[in-house]
Each structure stands twice: as C-alpha cells, then as structure tokens.
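Take a look at the letters that make up each chain.
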Amino acid sequence: MPVAKPESSDARVIAHIDMDCFYVQVEQRKQPELRGLPTAVVQYNSWKGGGLIAVSYEARKFGVKRSMRGDEAKYVCPEIQLVQVPVAHGKADLKIYRNAGSEVVSILARKGRCERASIDEVYLDLTDAAETMLAENPPESLEDINDEALKSHIVGLAEDGSDVKEKVKNWLCRTDASHRDKLLACGALIVAELRAQVFMETEFTCSAGIAHNKILAKLTSGMNKPAQQTVVPSVSVKELLAPLPIKKMKQLGGKLGDSLKSNLGVSTIGDLLQFSTEKLQECYGINTGTWLWNIARGISGEKVEGRILPKSHGSGKSFPGPHALRTIGLVEHWLNELCQELSERLVADFEQNKRIAHTLTLNARAYMLRDTNSQKKFPSKSSPLRYGIAKIQEDALNLFHAGIHDYMGSYASKGEKNQNNGWGITALSVSASKIFTIPRGTGTIMNFFPTQSLACCASPQLSGDASMHEVVQLTAAEIESGSKEFTTAKESIGGIPGMYPRDQKRKIQEDKGIGSIMGFFEVPVQSCPSLNQEPHEETSRSSGHGSESCWQKNQAESQNRLLYGEQPQCLSVGPTMNPQEGKRKKLQGTSSILRFLKSSKYSTHDRIEIFQEPCVPSSSGEMRARGSGGSERGEWSYKANEIDPTVIDELPPHIQQEVWSWLKQSHSSKPSSSTITRYFFPPK
Ligand code: DCP
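This is a predicted model, so every value here is computed, not measured.

(A) Quick look at the site of the ligand. As a structural note, the neighbourhood of the ligand is formed by 13 residues, with Cys-21, Phe-22, Tyr-57, Arg-60 and Lys-225 the closest of them. Contact distances for the ligand include 3.4 Å between an oxygen atom and a side-chain N or O atom of Asp-18. Here Tyr-57 contributes a side-chain N or O atom positioned 2.5 Å from an oxygen atom of the ligand. When isolated, the ligand has an accessible area of 550 Å², and the protein chains bury 69% of it. Elements with a contribution of two residues or more to the shell around the ligand: β1 (14–19), α1 (22–30), β3 (52–55) and α2 (57–60). Looking at the shell around the ligand, its residues break down into 7 nonpolar, no polar and 6 charged. A domain split of the shell around the ligand shows at least three residues from each of domain 1 (1–20 + 94–308) and domain 2 (21–93).

Structure below.
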C-alpha cells in the first residue's frame, strides 16, 4: 500500500526521462540501415512471427502495436522490419539494452541526483542545477533559448496558432513568474540540453516530463512522444489530473484502484477530490488515506534516490501453454540456464561496481492439471545468496522444491520429491537482491578481517523453511527495473558470497590498489586444509616465478574462488613464499601491527598466518619488497604519498602513529625501521 511522504516546502525540480521505443533504437544504432523504417523488435520464439516487444514510431503509424505477433504486424505493415532480440541461455539476452541504458544514465547523471527506474527510465532531481541557473543565468537573460526547449509542451498553455514557440519562450522567460515556475523553466532548459547531449553521444532520442515531484514528472514524460518534453506548472496540476483515469496513476493500477472504483465509485483522479482526508483514512487507513488525498492534488514527497545501478538482478523465462514444464528434470535444466545468466551478471556487477548481492529469490507460476480454477499462487521463496554458478543452481533448485512443496500442500499430494503430481510450470525466474557496494578504502579495517574461524564455512545446506522465507512477488519487469523493494524483515541477512548468515561478518575486501592503505591489508583467502599444514597445492603452484607477484596471483585466485564458488577454508594474510625458496617465514609478534592483527576480537587467532617480506625503502619515498633469499619473485613498490589519509584515520591509534611515522620517514627518504612496512603488500 502506498504511504504518504511529506512534500518538501521548498520547490523541487524533478524530471522523468523515458527513452523512445528503446530496444528498436538500440537495434537501429546497430543496423543504421533500419533508421526511419517501420521496425519492431520481436521475441526470439518464432511462433506466428514472434511477439513484438518494441515498436518504432514509424511502425506505430501503420497501427502496429506491441501486443501483436510478427505475422500480424506484417499484415498491417508489410514493410515492417522485424529484428529478433539476441538470445543466450535459451532466452532473450538483454545485455545490449542494459548497457545502452547505462550509457544514457551516465550522461543524465551529470546534472543532478539520478535514479535509474528501469532499463530505459530515469528520474533526475535537478533542483540544485535549476537554482544555480536561476541565480546565475536566468532564462530571461539568455540571448538564445535552445530550440529543443522551445519545443517544450507546457501543460495549460494553449498550443493553437502558429506562434507556439514564441509562447513557450515567453513562458520560460517570464520575469513575473513565481519562484517555483522559474525553477521549472530552468529545469526545462537543463533537460532540453541533456536530451540533446544524450542524442549527440548515443544517437538515442528520449522524452521527458518536468515537474515539482516524481509522480507528475512520470505522468507527463509519455504525454508527448517521441523526442519531446512536457512541463507541469503548479497551476496546471488540477487540470492535468482531474480527467485522468485512476488506473493511469502509479500505484493505482492494481487492487487499490479497483477498490476505489468499487467502494467509492471513483473513476478519475478528479473524482477523488470530493473525499475528505478523514473519509479516505477511514476507508484505507491513515497512511494510504493520506497518500490518496495528496495524490488527488498532485502532492508527493517521494525522493529521487541516488541510484544509477539496478537494485536487483533477475533472469526469468515463461513457458506458455504446451511449453509448460512438467518434470523436475526440465525445471532443473531451465533453472540452471537462468542461474547461469544470473551468475554472469552478478560477477559482472562485482567486477565493474564492486557490488555483492545477498538474497536469492525464486519465483514461478504454476498450475494444477486437475484444477483449472485454482487461484493458488506458487509461493515466492528466497535464501541467502551464495556466489558461484553451481551453488546458485543448487540453491535455486532447493527453493523450487520448497515452493512446489508448499504449492502442492493444498492438493494433498503424497508424491515423491521428484515426482510430478500433476503440476505444470509456466514461468520461472531467479533474482538476486539486497545488493550492497563493498566498502571502499575508507571503510573500516574491521571489515577486512574475519571475526570467526573461516575453517567452518563448509557449504551448509538449505534447511527447509528455516532458511527460506517468502518475499514479495516480483514481476519480470520489476526484476529488470529493480523497482520493487523487498520488505520482508527476515531478509536482512548480511553475508558474503559462498557463505551463510553465520559467516556474515566476513566480507570480501576490495582491491584498492595504489592509493589506499587498505590495498595492503588485503586478505587473500586460501584454500588450505588446516593451519600448520603445507600450503594447498594450488597456492604453491601460484608461487611461481614471473612478472606477476605471487601475492597478486593468490589474490586473483582467491577472488575467483569466491566469485566462482570454490569454498574458502582458511585465511592467510599477505604473500606466500615459493616453496622452492624454503619454508614460509612466520613473523614473530614483535610489531604493533602484528599484535593488532593477532589481538582480541580482530584476530582469527591461529587461523591467520602472516608472512613477512623484507622491505627496502627507496630514495624516492617508495617502499620496496623483494622475495627473500634473493629469489626472482615479483617486486613491488608503494609510493608513500599515495596513501589515503582518511583510511589511516580509521586504524587503531597506535597503528596510526606507526603509519604516520613511517610516512614521515619515507618522505624524508630515510630508511625506515618501522615494522609496518612489512605489511604493505604489493598494489595490484
Ligand atoms: N519491453 C519488453 N516487454 C514489454 C514491454 C517493454 O521487453 N512487455 C522492453 C522493450 C522496450 C523497453 O522495454 O523497448 C522499454 O519499454 P517501454 O514501455 O518504455 O516502451 P518503448 O521504450 O519501447 O516505447 P515508448 O517510446 O512508448 O516508451
């Protein structure tokens, strides 16, 4: 149910940008010969020419609609060009569209807080940019007004006659307008420029709504398409909303809208105006009642979230009619495909954005052969997310078993786990949510050290309902857009890939590289059976010669192990030595950093092994380390002036002192006697 949020008393300038026939534009950029031609993108299955998912404006003129199939589109528009959506894992592969959306977002985000609302929609909070423009270059002071801005549609401004652009110019440049309207005029100019910039850099056109809040901006971005923008002055809000069918308003498209119609006889937003806030609260509760009262008047305090990356990743596929999945084997096959795609996206997100998802959710649509009227839904199931294709696949299958078990409960099935008792699956999707960025170098050092033994992180099995719980249903579009929040309290489980909640305090550390001390406190996770044993074979192998340091290899391998699902078993800090060089040296606890590492709650006790590298301060203020015994191991160096001081501030005071004194010494190019240097491992 929607909740009212107080609208700020300060005027805001919010834009909603929506790409025009987006997938078609992406395909037309790929194949420029399609530009200007009636074109549609079709789903990959070829039944009746495939279902249309995006239609160009040229094709729309012929009456081609998204609900049609290719054959029907050809019938109404014989010249139509049908482009098949790319395919991977036996389903549509939306990667090129997602990437194209990201290109646009990166341009739009230059002017204000930016929220990516779906694959091709963005909200922008342009209040600051508009205030600055109003203070420094108000529209009336401009010699030339951007032609794109002059083509704006101003709700309430008559567009008849031949001098429409002149009228728009007058509206944008009014000196007697209210502060709010002046800000909107600035917003219109800024958005016009941004849209032109998007076109220049990406060749894509988009349309926009500019208003004082998100709801009004969203409502108007599609009013004049393609490649146009619409502005909503406050004075025109009533005129805009009054005739609007309630179903067109965000959040009123579903049950709440139905209820307004059946209970209060409300068909349009204007109809809502007759009800007092008390009446609406009485019918729908305080929150929703207040929200309804506000929305009827175009009031909304919903903020533009600063989020340019998706809130979740999802991979789904439908299996309509005769394609319904009727065996566990088929379900497993498709889950494996979907999980593979999901895993690829998670890995890409980790690599590109250093983000980790924490919750895996499975959704399905099911039916029972003997029960055609059943309204029963397949329950959504979720569990903490473990990274690695095999683990995600395994967990997704377990979630499916849990879901089908619950679903079948009402059918009093007595069948075996893998036996079909008359069910069919017409849609499957897996999604990853609760995505967080790994703390950057300014994060606390505590995050980089485990608080529990890592030896006990053998893959735990999902244990029925204890580790699974229901979450809100996500539609495929919502998964794509990341537009729906997961609200289940139980979901908030910290964790790291490959591990379950009991391991949640462990975090993958980020490779900060040069520039942060954290880059040196990396914690490569090694696969080694137990303390005191020789390094795992893999670790030994990685300690080879060559330009890449052993530590770097270890780290890369460790990261791969985490990402690709190998189970870490114990942890060691720092470079390992080549066995040929002799045994690894264990550092004696003389330095304060070592004491810190080994002390109290930050310590993993004897699970952390610390290896020493001899360090040689260079004349340029760099610290250098070489493999011991004069080996050819990769040499590393570190520039003292590249350490991020804010990171040092987060170290315990006695370590800070040591770091600062080392830095001073390094700057004066004097050899350091500090032991801290020994722990500065090579930047990647
Ligand atoms: N899309 C899809 N399946 C749907 C609806 C949309 O795959 N049922 C994809 C194709 C669209 C893209 O999402 O290009 C964006 O959807 P929009 O609803 O924004 O529609 P378009 O951008 O295609 O057209 P418009 O210019 O009307 O916004």
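(B) Structural detail: the nonpolar core. Residues Tyr-97, Leu-124 and Leu-172 are the most contacted members of the largest nonpolar core, which totals 55 residues. Top element by residues in this core is helix α8 (residues 179–202). It accounts for 11 residues. A domain-level breakdown of this core finds at least three residues from each of domain 1 (1–20 + 94–308) and domain 2 (21–93). In contact with Tyr-97, not counting residues within four places along its chain, are Phe-22, Tyr-23, Val-26, Glu-27, Val-41, Val-85, Pro-86 and Ile-119. Counting residues in hydrophobic clusters, the runner-up holds 36 residues, among them Ile-328, Ile-356, Phe-378 and Met-408.

(C) Focus on unusual backbone geometry. The linkage connecting Lys-225 with the following residue, Pro-226, adopts the cis geometry, with an omega of -10°. Structurally, Pro-226 can be placed in the loop between α9 (214–221) and β11 (229–231). In this model, Cys-21 sits at a positive phi of 25°, which is unusual for a non-glycine residue. Mapped onto the elements, Cys-21 comes out in the loop between β1 and α1. Even without being glycine, Lys-48 reaches a positive phi, approximately 50°.

Calculation notes
- Residues numbered from 1 in each chain as written.
- Predicted model: local features only at pLDDT ≥ 70, side-chain atom pairs only at ≥ 80, totals over all residues.
- Heavy atoms only, no water.
- Near = heavy atom within 4 Å.
- Polar contact = N/O pair within 3.5 Å; in protein donor to acceptor, adjacent residues only side chain to side chain.
- Areas by Shrake-Rupley, 256 points an atom, 1.4 Å probe, with all protein chains shown as cover.
- Helix = DSSP H or I, 4+ residues; strand = E, 2+ residues; numbered from the N terminus.
- Nonpolar A, V, L, I, M, F, W, Y, C, P; charged D, E, K, R; others polar.
- Domains from an automatic or database assignment.
- Core = buried A, V, L, I, M, F, W, Y, C linked by side-chain atoms within 4.5 Å.
- Buried < 20%, exposed > 50% of the residue type's maximum accessible area, 1.4 Å probe, protein only.
- Contact = heavy atoms within 4.5 Å.

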